[in-house]
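# A closer look at the structure
Residues per chain, in single letters:
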Amino acid sequence: MKAWILLLLGLALLGCGQDGQLREAKKNTVMVEVTSQVWDYRMPWNPGTVSSGRGAGFILAGKKIITNAHVVSGARNITVQREADPRRYAAKVRHVAHDCDLAMLEVEDEAFFKGTSHLDLGGIPELESVVSVYGFPIGGDRLSVTRGVVSRIDYNAYTHSGRESHLAIQIDAAINPGNSGGPVMQSDQVVGVAFQGFRGDVAQNVGYMIPTPVMRRFLQDVEDGKYDHYVDIAVRWMPLENPVMRRYLDRPNDGRGVVVTDVFSEGSADGYLQKGDVLLSIDGYAIESDGSVRLEGKPVQLEEIVERKFAGEEVRLEIWRKGKDQTVRVPLKPADMFSMYEVLYEPPPRYVLYGGLVFQPLTANLMAVMTGGADLRLKQKYTMFGTDQMYRETPEPVILSGVLPDSSNVYLRGLAGQIVREINGKRIRTLTDVGPALAANGERTVIRFEGDARPAVLKRAEVDGSTPRIMAQYGISEVSRTEVGERRLAKGRGEKGEEK
Amino acid sequence: MALAVAGQAAEQDEPQGSVVRVRAAIQSYDQFRPWQKKAPYGLNGTGVVLPGGKVLVTAALVANRTEVGLEKPGSAEKCGAEVEAIDYEANLAVLQPERPEFLKGFKGLALGPALRAGDMAEVWQLERNGELLRNQAEILTVGVGRYPNDEAGFLQYGVRVSLPKRDDSYTLPLIRQGQLVGMVMMYDRDSQEGTAIPGPMIERFLEDAADGKYDGFPTLGVSWTPLRDPNLREEVKAPKGGGILVTRVNPRGTAGRAGLKEGDVILSVDGMKLDEDGNYRDSLYGPTAIGNLVRVRPTVRSKARFLISREGKEMELAGTYDRRARDEVAIPTLSFDAQPCYLLAGGLVFQQLTGAYLQEWGDKWTERAPQRLVELFSFQQEKRADPEKKVVFLSQVLPAAINLGYQQYSGLVLEKLNGKEIHSLTELAAVLDEAKEGNLVFEFMDDPGILVLDAQEVRAQQEAIGQAYGISEPRKL
């Protein structure tokens, strides 16, 4: 008798689950309309081009509206709208995490939340289980629902940031522009945020969602009022599958451990781990010889343990160093020295203008507009910057990104794209070095570049005369913008080569 | 398309007895699998019979050949040929028929004078029946430009000519008044423009080859930049008018050994004044780039004189022309005809870096090839200036039980084996052979830094791995 009732109850719940999911999703999914402005790194003084787009979002407890970072990047105006309410409400970005493509919006007008409840976060759905995707993709203006199954759970590149990889779940429901930021639901819980897919000519029925561990990390991170970056242990390691390699490192052939092959200067492990250390466990999880650990019964890369932590927290590593077991506690921090590879959205481009010469720090954004035009030396600087830890010498390489044609610089135009080595004898390590170096006394300013390019020589008096003319001609109101703001940059070594 | 004048009878010359068909069977080595060759193919060109019975073609026609054959126009009579001298930079080669009597009765074509822009000439093609097609050609430009396998540039003719599609057109002679005045080396069917190797280049090449020992064209071994910018002139204290700024000097090269330094202003070479763009006034061609002055006019071992300005002071420097800046390098740019060297150890394939290996990655090799290799090759003078220090690298791992866990690695530059620095495959082979037992510790420039194999296992497995992958020779040094 008892069992029978339970069964009925179960059926009822199931039925209610489907209806309930749709009802709850309808109530709490919002359309996000955004007008954004994208900086133009070809003309860094310009405010950029305006475009508009549409995405989705959903309401979590505490009136938090979650969407993708890429939906609201560079937003100048955001409105949100619910299925049940024709009005559009102004919204603001409260937190944005470009590294994991998540953002939290807030709406001041309480009326917006009338008739909403909130959605709850679930766990990681099982492979082949069915999920529903809610959003406002191209093809219409009303809420759209598509269903699919969970195809794969794995690390994947998060394309928005250009350099990050985190856990992502692949589903076979199509994810199209406008789906971004919308909830992916299973029964009545959110199990993901739809965020990226492939172009139709590359692959079909492949969509990706941000799983709840990544969302929970984001929510926890912003509890203190600001978002910190993901942390990175900043080492390279190599699997220890080869028995001879194991023998060389004096390790038994027990299938455990990986060997550290590089420790990045300025990274979390700098000063804690060394090349040749064998990592045996991380926070108590045994590390297999391929670098995986068993987390909740599933094999994941050892970095996943680090991924779930926050800046300032530690990981405890059991290591084998020089024939001895040791325990090392590594305090974690973001890998600021690689921030050059991050695509920047909000901060205005930094630059220095001098007699029509435009200097900019090397960034992913600058490379994106220079490719094709960029010569091999610049391309190599960009690709090898991290690997070769060039940030120790030049934390922020400065590029002569362009020469604004003027009668005073006709012979200098061919130099665009060169990497600045020194100005007036002063080594240039970051953009902030440029201004003081240019201010040096002397009749001529001499700019030298890396490699065998000719130097650029300008007469100070001519530059003083040409600058106002060039600024007027090209509509430039500020001669430079160098403040770093909240950008995290590599530190590099001091003038004499010692650590700062 | 303008119609070519076919089979037109010439008043003053007899084209028969001056050209032959040249058929080359080409098979180049596979740089990615250096123990094997790629699929063979054939190239057909029209060679010029020289007085004396040798045949002139472009080097590109016979590069990586397995066989070269000559065929008389209008008959099926054939004869094999040997390459007697070849210069890939200048893109010229002389062939010697295996049977000297084969070209008996061929009068051959003598070299004619240099041409100037505006001159008219003919490009000769062969019809199937052996008749000549004589296409009117106009010399559009005469200047220093890039050759297919040379980065610095030689004199070339820009030619406008409408060439119909014919067999045997990979190399074609440029003729004027019955004399050879050039060899067409490139042709673009859309614009109907091509480039030709000028007669004076051919003359220099033949003179050099005549003694049976080919020296090649000298190089200066400097990078330079024009000195038009008055601010730059002031900065480097250049005297009034003329001169170019030296931005890099190869200490081994002609200029480097003569004492030229970075920052010097070259005012004249061998008494010829240079203008701000690096042109000298050629008696025949007018303003012509320095490349012709220092590469084609002098020969290897002839004297070089430089008038330079250093820090505002003029001085004379003397030296001897040679090719050391080009030939004495850690990573050679060109490698034709020769099998790339390699060494197999426990499935690890080691190769010595060449420009040919990088080019195997295709047009976008600078992006697609391993970046460390691209860097060492492209910035060789900064990164690998010592010509004795060849770049040995792990090009791939042929999976086998012995190299489990290493199979994902490729493109890694080898620095040491068992603590000994490795500067060539020969050195690597010697250190390998010395290690009878124990670990073989390979140290690489980049991540993962170290790979370790067991010396005895490597020796024991060598044959089995070779057999599994069908590689009969474990090394070619």
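Residues numbered from 1 in each chain as written. Chains lettered and ligands numbered in written order. Predicted model: local features only at pLDDT ≥ 70, side-chain atom pairs only at ≥ 80, totals over all residues.

### Regarding the overall build of chain A
Quick reminder of the rule: Per the convention used, a helix needs a DSSP run of H or I reaching at least four residues, while a strand needs a run of E reaching at least two, with both numbered from the N terminus. The burial label depends on the number of other C-beta atoms within 10 Å of a residue's C-beta. Counts of 20 or more mean buried, 12 or fewer mean exposed, and intermediate counts mean partly exposed, with C-beta atoms placed from the backbone. Throughout, a pair of residues is in contact if the C-beta atoms placed from their backbones lie within 7 Å.
Regarding its fold elements, chain A presents nine helices and 29 strands. Seen through its C-alpha atoms, chain A measures out along the principal axes to roughly 100 × 70 × 45 Å. By the burial criterion, 40% of the 500 residues in chain A qualify as buried. Counted over contacts in chain A with a minimum sequence separation of 6, partners at least 24 positions apart contribute 62%.

### Quick word on the overall build of chain B
A count of helical and extended segments in chain B gives twelve helices and 29 strands. C-alpha atoms of chain B, sized along the principal axes, occupy 80 × 65 × 40 Å. Counting over 477 residues, chain B shows a buried share of 43%. Contacts spanning at least 24 positions in sequence make up 63% of the contacts within chain B whose residues lie at least 6 apart.

### Things to note about the environment of A364 of chain A
Residues and elements named next belong to chain A. Following the sequence through the fold, A364 ends up in helix α6 (residues 364-370). C-alpha separation for the pair A364 and G162, spaced 202 residues apart in sequence, amounts to 8.2 Å. Not counting residues up to four positions away in its chain, the partners in contact with A364 are G162, M340, Y341, E342 and V343.

### Some words on the sheet that holds strand β23 (residues 357-361) of chain A
Residue and element names in this part refer to chain A. Applicable threshold: Between any two strands, pairing holds if DSSP finds at least two bridges.
Strand order in the open sheet formed by four strands is β24-β23-β22-β29, and the pairing between neighbours is antiparallel. With one partner strand each, in any of the chains shown, β24 (398-403) and β29 (480-481) form the two edges of the open sheet. Relative to β29, strand β22 (residues 351-354) runs antiparallel, the two sharing two bridges. Within β29, the position partnered with V352 by the bridge is S480.

### Let's talk about the domain arrangement of chain A
Formally: Delimitation of the domains relies on an automatic or database domain assignment.
What the domain assignment lists for chain A is domain 1 (16-225), domain 2 (235-333) and domain 3 (338-481). For domain 2 of chain A and domain 3 of chain A, the distance between their C-alpha centroids amounts to 40 Å.

### Points about the sheet that holds strand β3 (residues 41-49) of chain B
The strands making up a sheet are joined through hydrogen bonds of the backbone, oriented either antiparallel or parallel. All names here are of chain B. Under the convention used in this document: Where helices are involved, their axes are fitted lines through C-alpha atoms of the stretch in contact, as for all axes, and angles between N-to-C directions lie from 0 to 180°.
Spatial ordering of the closed barrel is given by β2-β3-β4-β7-β6-β5, a layout of six strands whose pairing is antiparallel. Averaged over neighbouring strand pairs, the angle between their axes works out to 40° when direction is ignored. Bridge count between strand β5 (residues 65-71) and strand β6 (residues 78-87): three bridges; the pairing is antiparallel. Paired with G69 across the two strands is G80, which belongs to β6.

### Some points on the interface of chain A and chain B
Worth spelling out the cut-off: In this classification, the charged set is Asp, Glu, Lys and Arg, the nonpolar set is Ala, Val, Leu, Ile, Met, Phe, Trp, Tyr, Cys and Pro, and all remaining amino acids, among them Gly, are polar.
Taken together, the 26 residues of chain A in the interface contact 27 residues of chain B. Looking at the side of chain A that touches chain B, the elements with two or more residues in it are β14 (235-239), α4 (243-248), β15 (258-263), α7 (376-387), β27 (444-449) and β28 (456-459) of chain A. The element contributing the most residues to the side of chain A that touches chain B is α7 of chain A, with five residues. Here the residues of the side of chain A that touches chain B are counted per class, giving 13 nonpolar, five polar and eight charged.

### A look at helix α3 (residues 212-221) of chain A
Among the residues making up α3 of chain A, those that are buried are T212, V214, M215, R217 and F218 of chain A. Contacts from the buried residues of α3 of chain A go to β5 (85-97), β6 (102-107), β7 (120-121), β10 (164-171), β12 (189-197) and β13 (207-211) of chain A.

### Considering the pairing of β10 of chain A
Residues and elements named next belong to chain A. The buried fraction of β10 amounts to six of the eight residues, a majority that puts the element mostly inside the structure. Here strand β9 (residues 144-158) pairs with β10 via eight bridges, running antiparallel. By the bridge assignment, R152 is partnered in β10 with Q170. Connecting the antiparallel pair β9 and β10 is a turn made up of five residues, with G162 showing a positive phi of about 85°. In this sheet, β13 lies alongside β10 in antiparallel orientation, the contact comprising three bridges. If you follow Q170 over to β13, its bridge partner there is Y208.

### Side note on helix α2 (residues 199-210) of chain B
Each full turn of the α-helix corresponds to 3.6 residues, which orients residues three or four apart in the same direction. Residue and element names in this part refer to chain B. Using the following cut-off: Under the convention used throughout, the expected extent of a helix is 1.5 Å for every residue step, that is, one less than its residue count.
Along its twelve residues, α2 runs 16 Å from first to last C-alpha, staying within 8% of the 16 Å computed at 1.5 Å per residue. If you check which residues of α2 are buried, you get G199, P200, M201, I202, R204, F205 and A209. Considering only its buried residues, α2 is in contact with β4 (55-57), β6, β7 (92-97), β10 (150-161), β12 (179-188) and β13 (193-198). With its phi angle positive at about 80°, G212 sits one or two positions after the end of α2.

### Observations concerning the domain arrangement of chain B
All names here are of chain B. Splitting chain B by domain gives domain 1 (16-103), domain 2 (120-210), domain 3 (222-325) and domain 4 (342-476). Computed over C-alpha atoms, the centres of domain 1 and domain 4 are 35 Å apart. Listed per partner, the contact involves four residues of domain 1 and eight residues of domain 4.

### A look at unusual backbone geometry
In this structure, P448 of chain B follows D447 of chain B across a cis peptide bond, with omega equal to 10°. Take P448 of chain B: it is sitting in the loop between β27 (439-444) and β28 (450-454). Phi at Q389 of chain A is positive, roughly 50°, even though this residue is not glycine. Mapped onto the elements, Q389 of chain A comes out in the loop between α7 and β24. One non-glycine residue, Q192 of chain B, adopts positive backbone phi at about 55°.

### Side note on the nonpolar core
To keep it simple, the criterion reads: Here a nonpolar core is just a set of buried residues of the types Ala, Val, Leu, Ile, Met, Phe, Trp, Tyr and Cys, joined wherever their C-beta atoms sit within 7 Å.
The biggest cluster of nonpolar side chains holds 128 residues, and the ones touching the most others in it are F359 of chain A together with V55 and L174 of chain B. Ranked by residue count, the leading element in this core is strand β9 (residues 132-147) of chain B, at seven residues. Beyond its immediate chain neighbours, meaning those up to four positions away, F359 of chain A contacts Y351, V352, V398, L400, S401, V420, L431 and V434 of chain A. The next biggest cluster of nonpolar side chains, apart from the first, holds 124 residues, and it includes I65, M238 and V293 of chain A together with L440 of chain B.

### Focus: the environment of I282 of chain A
All names here are of chain A. Tracing the backbone shows I282 in strand β16 (residues 278-282). A count of 21 C-beta atoms within 10 Å places I282 in the buried class. Expressed as a C-alpha distance, the spacing of I282 and V293, which sit eleven residues apart in the sequence, is 8.5 Å. For I282, the residues in contact, after removing those within four places along its chain, are I287, V293, L302, I305, V315 and L317.

### Digging into the confidence of the model for chain B
Residues and elements named next belong to chain B. Our working definition: Values of pLDDT, ranging from 0 to 100, describe the predictor's confidence in every residue of the model.
Here chain B averages 92 in pLDDT, and 97% of its residues register 70 or above. Note that pLDDT drops below 50 for residues 1-14; the model gives that stretch 16 contacts with residues more than four away or on any other chain. We note a pTM of 0.90 for the whole complex and an ipTM of 0.88 for its interfaces.

### Side note on the packing of α7 of chain A against helix α9 (residues 371-378) of chain B
Rules: In this scheme the handedness of a crossing depends on how the near helix is turned from the far one: anticlockwise by less than a right angle means left-handed, clockwise means right-handed.
Closest axis-to-axis distance for the α7 of chain A/α9 of chain B pair is 11 Å, and the angle between their directions is 145°. Crossing of α7 of chain A against α9 of chain B: the hand is left-handed. For the pair α7 of chain A and α9 of chain B, the contacting residues are L376, Q380, T383 and M384 of chain A in the first and Q371, V374, E375 and S378 of chain B in the second. For the contact of α7 of chain A with α9 of chain B, a count of residues per class yields three nonpolar, four polar and one charged.

### Some words on the pairing of strand β19 (residues 286-289) of chain B
Residue and element names in this part refer to chain B. Pairing of strand β18 (residues 279-282) with β19, which is carried by four bridges, proceeds in the antiparallel orientation. Residue pairing for β19: Y280 is matched across the bridge by T288. Count of turn residues in the β18/β19 antiparallel hairpin: three residues.

### Some remarks on the environment of S289 of chain A
Residues and elements named next belong to chain A. Considering the arrangement of structural elements, one finds S289 in the loop between β17 (285-286) and β18 (292-295). Each C-alpha atom of the pair S289 and E346 lies 41 Å from the other, and the pair is 57 residues apart in sequence. Those residues within four positions of S289 in sequence are excluded, and the remaining contacts are P239, L240, E241, G255, R256, G257 and V258.

### Topic: the confidence of the model for chain A
Residues and elements named next belong to chain A. Summary statistics for chain A give a mean pLDDT of 90 and a share of 94% for residues scoring 70 or more. In the model, residues 1-16 has pLDDT below 50 throughout and makes zero contacts with residues more than four positions away in sequence or in other chains. Confidence drops under a pLDDT of 50 for residues 496-500, and excluding neighbours within four residues, the segment shows five contacts in the predicted structure.

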